[in-house]
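Observations on chain architecture
Single-letter residue listing:
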Amino acid sequence: MFSIISISVILGSLFFVLPVISEAQKEEKTFVTHSGRVVTTSGEILDPLYTSTTLEFDPMEFLRDFNYGRVSELPDGTILREYTIIAEDDGIMEVSPGVFYNVWTFNGTVPGPTIRATEGDLVRIKFINNGEKEHTMHFHGIHEAHMDGVFEPVGPGGGKFVYEFRAGPVGVHPYHCHIMPLEEHIVHGLYGVYIVDPKEGRAPADEMVMVLNSLDTDFDTENNFYAANTIPFYYQHHPIQISTGDLIRVYVVNMVEFDPINNFHLHGNLYRYNPTGTDTDSFYTDMITLSQTERGIMEFSYDYPGKYLFHAHKVEFSEKGWVGLFLVDGEPLAETIGSINYGN
Ligand SMILES: [Cu+2]
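Here's a quick rundown of the structure.

Quick notes on the rules
- Residues numbered from 1 in each chain as written.
- Predicted model: local features only at pLDDT ≥ 70, side-chain atom pairs only at ≥ 80, totals over all residues.
- Heavy atoms only, no water.
- Donors = N, O, S within 2.8 Å, 3.2 Å for Na, K, Ca; no water.
- Helix = DSSP H or I, 4+ residues; strand = E, 2+ residues; numbered from the N terminus.
- Buried < 20%, exposed > 50% of the residue type's maximum accessible area, 1.4 Å probe, protein only.
- Contact = heavy atoms within 4.5 Å.
- Polar contact = N/O pair within 3.5 Å; in protein donor to acceptor, adjacent residues only side chain to side chain.
- Pairing = 2+ DSSP bridges.
- Axes fitted to C-alpha atoms, helices over the stretch in contact; angles between N-to-C directions.
- Phe/Tyr/Trp six-rings, centres within 6.5 Å; stacked < 30°, edge-to-face > 60°.
- Lys NZ or Arg CZ within 6 Å of the ring centre and 35° of its normal.
- Salt bridge = Lys/Arg side-chain N within 4 Å of Asp/Glu carboxyl O.

This brings us to the coordination of the copper ion. Distances from the copper ion to its protein donors, H135 (ND1), C177 (SG) and H185 (ND1), fall at 2.0 Å. Spacing between the donor residues of the copper ion along their common chain follows H-x41-C-x7-H. You can see H135 sitting in the loop between β7 (122-129) and β8 (138-139) and its partner H185 sitting in helix α4 (residues 182-187), a full 50 residues away along the chain. Judged by its relative accessible area of 0%, H135 falls in the buried class.

The next subject is the environment of R70. By secondary structure assignment, the location of R70 is in strand β3 (residues 70-73). For R70, a relative accessible area of 43% corresponds to the partly exposed category. Once the C-alpha coordinates of R70 and T84 are considered, the two residues, 14 residues apart in sequence, prove to be 9.3 Å apart. Apart from the residues lying within four places of it in its own chain, the contact partners of R70 are L80, R81, E82, Y83, T84 and K126. Within the structure, the side chain of R70 is placed 3.4 Å from the side chain of T84, a separation counted as a polar contact.

This part is about the sheet that holds strand β21 (residues 306-311). If you trace the five strands from one edge of the open sheet to the other, you get β14-β22-β21-β16-β19, paired in mixed fashion. A strand with exactly one partner marks an edge of an open sheet, and here the two such strands are β14 (240-243) and β19 (287-290). Strand-to-strand, the axes of this sheet are offset by a mean angle of 20°, without reference to chain direction. Looking at chain direction, strand β16 (residues 262-266) and β21 are connected through two bridges and run antiparallel. Residue pairing for β21: H265 is matched across the bridge by H311.

What follows is about the packing of aromatic side chains. Considering all chains together, one arrives at 23 aromatic pairs under this definition. Relative to Y163, the ring of F161 lies with its centre 4.6 Å away and its plane at 45°, an arrangement referred to as tilted. Ring geometry for F264 against F310: centres 5.8 Å apart, planes inclined by 10°, an arrangement best described as stacked. Of this pair, F264 sits in strand β16 while F310 sits in strand β21, and the two are 46 residues apart along the sequence. F310 shares its class with F264; the two are buried. Ring-pair connections join several aromatic residues into one group, and the members of that group are Y234, Y235, F264, Y271, Y273, F283, F300, Y302, Y308, F310, W322 and F326. Lying over the aromatic face of F66, R116 brings its terminal NZ or CZ to 4.6 Å of the ring centre.

This structure, assessed with the given rule, holds 11 salt bridges. Close ionic contact of E316 with K320 constitutes a salt bridge, the shortest N to O distance being 3.2 Å. Because the salt bridges share partners, they merge into one network encompassing R116, D197, E207, R249 and E299.

Mapped onto the elements of the fold, I125 is located in strand β7. Residue I125 is classed as buried on the basis of its relative accessible area of 0%. When the C-alpha atoms of I125 and E82 are compared, they prove to be 5.9 Å apart, with 43 residues separating the residues in sequence. Contacts of I125, omitting those with residues within four sequence positions, involve Y83, I85, I115, M137, F139, F161, V162 and Y163.

On the basis of which strands lie adjacent, the open sheet formed by six strands has the order β13-β12-β15-β20-β17-β18 and mixed pairing. Strands at the two margins of the open sheet, each flanked by one partner only, are β13 (225-228) and β18 (283-285). With direction set aside, neighbouring strand axes in the sheet form an average angle of 25°. The pairing of strand β12 (residues 206-215) with strand β15 (residues 248-254) spans seven bridges and is classified as parallel. Residue L212 lies in a different strand from β15, and its bridge partner there is N254.

Take a look at the structure:
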């Protein structure tokens, strides 16, 4: 009895000494993740650790996944590429352990599939809206006005529309829903990448897509998380494996909502950057600044093995998830030591 009274007195006195528990701490909740792990969170987890099994979306798979469509040849020799894209707006994705977000998706993922064609191909998109709101697909690029996905809202509950246009111009372009309020339809995830390859092709490379995006998980029109390919910190915990001497080509598209700019900094290296990927002109840098839907093609290779960061040099963004690693294996390229190519 004495010990119980003593403990009560001690705890009672500590109440006046220790800081009062904040409202945020009181609001912490316990979740069971998809992998069965128990996580306690207030919804503001920075730098979480997790395994890919806790996620419904795999950024490593998305990174190198290109959808070339169903390919056939028309009588005049034109290549026809047909795609089926289904919009939904009731998905829940665990974007970080214990942080569940209502995602609006094209074909079930954020970003939607990376649509890829060659310049001059006929692109036919069979769009089905299985959501509860109106949606469209608006492609950046060149096409007729009624294929622009702005003035032809596609109704919920199975509404359909067929977008058809010639692929062009060469480059990397975004596509996204264009229904108002646009920021709501974009920040929930209705966007993706559309790559148009030149007819002569590009040099063989290890090709990747990085969509720079953001998540407003508490719906106050300010972002809580930033990422390359949706999941905060993913490529930091799962480095992208490459080798010395390999040509790396990154199709990068900025879709961050609410914040006016984003950027991309690469460590231990510089890259050739071709804005929009539309012509052969490029510049040599380790830093680009991108407003929303600005995009381009980055090319680089590493001379030395090791671990190299890439991240937003807007530090707030990197500390809230937009950070990753390239893990470069292989031997140093002996012929480059002392004669590094500085891109001139
Ligand atoms: Cu929409």
